Amino acid sequence: MKIVVIGYGSIGSRHVRILTSQGHEVSVVSQREIENVDCYKTIEESFQKCKPDYVVITNRTNEHYSALSTLAKVDFKGIVLVEKPLFDGYRDVPINSFSKIFVAYNLRFHPIMHKLCMKLHNESIISVVAYTGQYLPQWRPHADYSKGYSAHGCLGGGVLRDLSHELDYLNWLLGGWKVLVALGGHFSRLEIESDDVFSLLMQTERCPVVTVQLNYLDRIGRRELLINTDLHTYKADLVKGILQVDGEVEIFKVNIDDTYWLQHETILAENGDNTRYLCSLDEGLEVMRMIEAVEKSAKEKAWIAGCQEYV
């Protein structure tokens, strides 16, 4: 299959490497000079030369909308995957002829998420605590963190957008948010202009009490879930690959590349067993609505109700 990857930062290069290893013919749209891969300066040029079947948008978050608009203008009729989050703020998707569009919340393909999805299906969920944090200067140790897009809200950075995996998978597992309240902003000494910590309290369709913390501050680096149901207690460590169900411990071999591999494989093969793990356009837009609700709550110090039923 012919594939174009728009953008060649750390995430774009990962997509190129994985898609190439799957045997696809991969080209890149980037202003950078890239070795060992066909590279074009514009989307229009890439379409004139290679006519792709599948496009992956991995440029800066604030550039996603313009990339989609250009794809619509060149009348692309194939499949589109947009890296998370979908946009830097909520907006309608340009009118287009795409066959399908997905948002790249690849953590849904983490083996622990698969297990939780199956186990929670028929259980009454009572409370959930989600925590994720990593010290921003350690993300890309060979680059100046203060100059990266994560440090600048105008580019789509900040914990709410960078770490929106939690917002997505909680909506997905728990049936969508109904009401929330939040506190957050830039409180640390990090040399950034974006938010570095947010805490949420919310109610979802399937759970009456959900708490979430996202931060750029944790020097240990954690991504954890604690779930109490009417039958069990689940404790998940997504970094170490450990799932505890009551007193029993199960260890998973986790390679983050595998989640990207499975995501692409599912999109392109339309595997019936795994399509439920894909993040649809509607679900990606709901995360954007949720982000705006969180920011509004923090600003107004008020509870915010969901504006529509989660799809």
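From a predicted model like this one, the values you see are computed outputs, not experimental measurements. (Residues numbered from 1 in each chain as written. Predicted model: local features only at pLDDT ≥ 70, side-chain atom pairs only at ≥ 80, totals over all residues. Heavy atoms only, no water.)

Q: Any details on the sheet that holds strand 6 (residues 100-104)? Residues and values, ideally.
A: Pairing is mixed across the open sheet formed by seven strands, whose spatial order is 3-2-1-4-5-6-15. Either end of the sheet is taken by a strand with one partner, and the two such strands are strand 3 (38-40) and strand 15 (279-280). Across four bridges, strand 1 (residues 2-6) lies against strand 4 (residues 54-57) in parallel orientation. Considered in strand 4, the bridge of V5 is made with V56. (Pairing = 2+ DSSP bridges. Helix = DSSP H or I, 4+ residues; strand = E, 2+ residues; numbered from the N terminus.)

Q: Outline the sheet that holds strand 14 (residues 248-251), listing residues and values.
A: Taking strand neighbours across the sheet as the criterion, the nine strands line up as 14-13-12-11-7-10-9-8-16 in an open arrangement whose pairing is mixed. Unpaired on one side and paired on the other, strand 14 and strand 16 (304-305) mark the two borders of the sheet. Direction of pairing for strand 9 (residues 197-204) relative to strand 10 (residues 209-215): antiparallel, over a ladder of six bridges. From the neighbouring strand, M202 faces strand 10, where its bridge partner is V210. Packing of helix 6 (residues 165-174) onto the sheet brings it into contact with strand 7 (125-133), strand 8 (177-185), strand 9, strand 10 and strand 11 (222-229), and relative to strand 7 it is tilted by some 165°. (Contact = heavy atoms within 4.5 Å. Axes fitted to C-alpha atoms, helices over the stretch in contact; angles between N-to-C directions.)

Q: Could you give an account of the environment of M288, naming the residues involved and the relevant values?
A: Take M288: it is sitting in helix 8 (residues 281-300). With relative accessibility at 0%, the residue M288 sits in the buried group. Sequence spacing of M288 and L86 is 202 residues, and the spatial spacing of their C-alpha atoms is 7.3 Å. Residues within four places of M288 in sequence aside, it is in contact with P85, L86, F87, D88, G89 and Y90. (Buried < 20%, exposed > 50% of the residue type's maximum accessible area, 1.4 Å probe, protein only.)

Q: Please provide a residue-by-residue account of the nonpolar core, values included.
A: Grouped burial of nonpolar side chains is what soluble globular proteins tend to show. Core analysis: the largest hydrophobic core is formed by 95 residues, its most contacted members being L71, Y169, L170 and L225. Here this core takes nine residues from helix 8, the largest share from any one element. Leaving out residues up to four positions away in the same chain, L71 has contacts with I6, I43, F47, V55, I57, F76, V80 and F98. (Core = buried A, V, L, I, M, F, W, Y, C linked by side-chain atoms within 4.5 Å.)

Q: So what's going on with the environment of R32? Which residues, and what values?
A: Within the secondary structure, R32 sits in the loop between strand 2 (25-29) and strand 3. A residue is classified by how much of its surface remains accessible, and R32, at 47% relative accessible area, is partly exposed. Separated by 127 residues in sequence, R32 and V159 have C-alpha atoms that sit 27 Å apart. Ignoring anything within four residues of it in the chain, the contact list for R32 reads Y8, G9, C39 and K41.

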